[in-house]
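Coordinate inspection notes
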Amino acid sequence: ATDAAGNIGAAVRHVWTVDTVAPGVTIDGAPADPSNDPDPVFEFSSEPDATFECRLDGVGWESCASPHEVGRLDDGAHRLEVRATDAAGNTGDAAAYGWTVDTVAPKATLDRAPADPSNDPAPVFEFGADELGASFECRLDRLEWAPCASPHAVGPLGDGAHELEVRATDTAGNTGDATGHAWTVDTVPPAVTIDAAPRDPSNDPEPSFEFSSEPGASFECRLDEGAWAACASPHTVGPLADGAH
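Everything in this summary refers to the structure shown in the same document.

Calculation rules
Residues numbered from 1 in each chain as written. Predicted model: local features only at pLDDT ≥ 70, side-chain atom pairs only at ≥ 80, totals over all residues. Heavy atoms only, no water. Helix = DSSP H or I, 4+ residues; strand = E, 2+ residues; numbered from the N terminus. Buried < 20%, exposed > 50% of the residue type's maximum accessible area, 1.4 Å probe, protein only. Lys, Arg positive; Asp, Glu negative; His and termini not counted. Salt bridge = Lys/Arg side-chain N within 4 Å of Asp/Glu carboxyl O. Polar contact = N/O pair within 3.5 Å; in protein donor to acceptor, adjacent residues only side chain to side chain. Contact = heavy atoms within 4.5 Å. Phe/Tyr/Trp six-rings, centres within 6.5 Å; stacked < 30°, edge-to-face > 60°. Disulfide = S-S within 2.5 Å. Pairing = 2+ DSSP bridges. Axes fitted to C-alpha atoms, helices over the stretch in contact; angles between N-to-C directions. 1 Å grid on protein atoms, 1.4 Å probe; cavity = no way out; pocket = protein on both sides within 12 Å on 5 of 7 lines; lining within 4 Å. Points joined across faces, edges and corners; volume = space filled by probe spheres on them. Nonpolar A, V, L, I, M, F, W, Y, C, P; charged D, E, K, R; others polar. Core = buried A, V, L, I, M, F, W, Y, C linked by side-chain atoms within 4.5 Å.

Digging into the side chain of Asp170
When you line up the elements, Asp170 lands in the loop between β13 (160-169) and β14 (179-185). Buried and unpaired, Asp170 has Arg167 as its nearest opposite-charge partner, separated by 12 Å. A distance of 3.0 Å separates a polar side-chain atom of Asp170 from the backbone nitrogen of Ala172. If near-sequence neighbours (up to four positions away) are discounted, Asp170 is found in contact with Asp102, Val104, Pro106, Glu131 and Ala134.

Right under this line is the structure:
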């Protein structure tokens, strides 16, 4: 300024920056999609000194800062939006991240398993789960869990009792309870004992035979090199012609 006497005073200065560019936002950390975490934490960034606003699932904007925890969330689809405002007052477009919360563990089902008992020392199991995309782990006879896929062959197994367990893990990381099948492998053929038979020679044209084997065994009989047919003890044959039988 210059006064009426002609004196020129010292200058007063103001320096400033014009900034009309709105800041962008980068989401640096987010939960997996899908995720089994109902309380996820987000991390985001923008230009220096920017402030942030967040909104979840389309609800109103609120001030927030990184890291930002949301939750506790229900299972289902969710969406977080973040926008930044710089020191000049410019507010940028929102960055968004959509994901699904899934905290329900899948159930494994055994669709094919050996009979109990079974004479197959190398049986094949088939299994599935009630969620698409699930992966599986198996363990035999309470040994370590290991990744497996259906169909799954085990063995060769020794005779005796065995158990296979299967559990499923979904794409969100939830692991369900194991489902199992217990059975006995028996590869030893049963012996038969004829406990009662006609005398040799015999005058009985319709003799009765009695026989036995291990518990639960079934029987087949054939007479004079004929065809095998199911039978049970006691078993009567005849009437027979005289001669060797």
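Digging into the packing of aromatic side chains
Between two aromatic rings, the relevant description is the distance of the centres plus the angle of the planes. In total, this model carries 7 aromatic pairs according to the counting rule given. Taking the centre distance of 6.0 Å and the plane angle of 70 degrees together, the rings of Phe42 and Tyr97 count as edge-to-face. Here Tyr97 lies in strand β7 (residues 95-101) and Phe42 lies in strand β2 (residues 41-45), a separation of 55 residues in the sequence.

Side note on the state of the cysteines
Tallied over the full model, the rule gives 3 disulfides. Two residues, Cys138 and Cys148, share a disulfide whose sulfurs are 2.0 Å apart. On the sign convention where negative means left-handed, the S-S torsion of about 75 degrees between Cys138 and Cys148 marks this disulfide as right-handed. Remark: Cys148 occurs in strand β11 (residues 146-148) and Cys138 occurs in strand β10 (residues 135-140); sequence separation between them is 10 residues. Since its relative accessible area comes to 6%, Cys138 is described here as buried. You can call Cys148 buried: its relative accessible area is 12%. Disulfide pairing is shown between Cys221 and Cys231; the S-S distance is 2.0 Å. Around the S-S axis, the bridge from Cys221 to Cys231 shows a dihedral of about 75 degrees and counts as right-handed. Remark: Cys231 occurs in strand β18 (residues 229-231) and Cys221 occurs in strand β17 (residues 219-221); sequence separation between them is 10 residues. You can call Cys231 buried: its relative accessible area is 12%. Taken in N- to C-terminal order, the disulfide-linked cysteines of the chain are connected 1-2, 3-4, 5-6.

Details of the sheet that holds strand β6 (residues 76-85)
The antiparallel open sheet is built from 4 strands, whose spatial order is β4-β3-β6-β7. The two strands at the open ends of the sheet, each matched to only one other strand, are β4 (62-64) and β7. Between one strand axis and the next, the sheet turns through 35 degrees on average, direction left out of account. Bridge count between β6 and β7: 7 bridges; the pairing is antiparallel. In the strand pairing of β7, Leu80 is matched with Tyr97.

Some remarks on the layout of surface pockets
Taken as a whole, the largest pocket holds about 840 Å³ of empty space. Listed by contribution, the elements that provide at least two residues to the lining of the largest pocket are β16 (208-212), β17 and β18. When grouped by side-chain class, the residues that make up the lining of the largest pocket number 22 nonpolar, 7 polar and 7 charged. Taken as a whole, the second largest pocket holds about 190 Å³ of empty space. Residues belonging to the lining of the second largest pocket are distributed by class as follows: 4 nonpolar, 3 polar and 2 charged.

Structural notes on the nonpolar core
A general feature of soluble globular proteins is that nonpolar side chains tend to end up buried together. Grouped together as the largest cluster of nonpolar side chains are 15 residues, with contacts concentrated most on Val25, Phe44, Phe52, Leu80, Val82 and Trp99. When residues of this core are traced back to their parent elements, those giving at least two are β2, β3 (51-56), β6 and β7. Not counting chain neighbours up to four residues away, the residues in contact with Val25 comprise Phe44, Ser45, Phe52, Val82, Arg83, Ala84 and Ala95.

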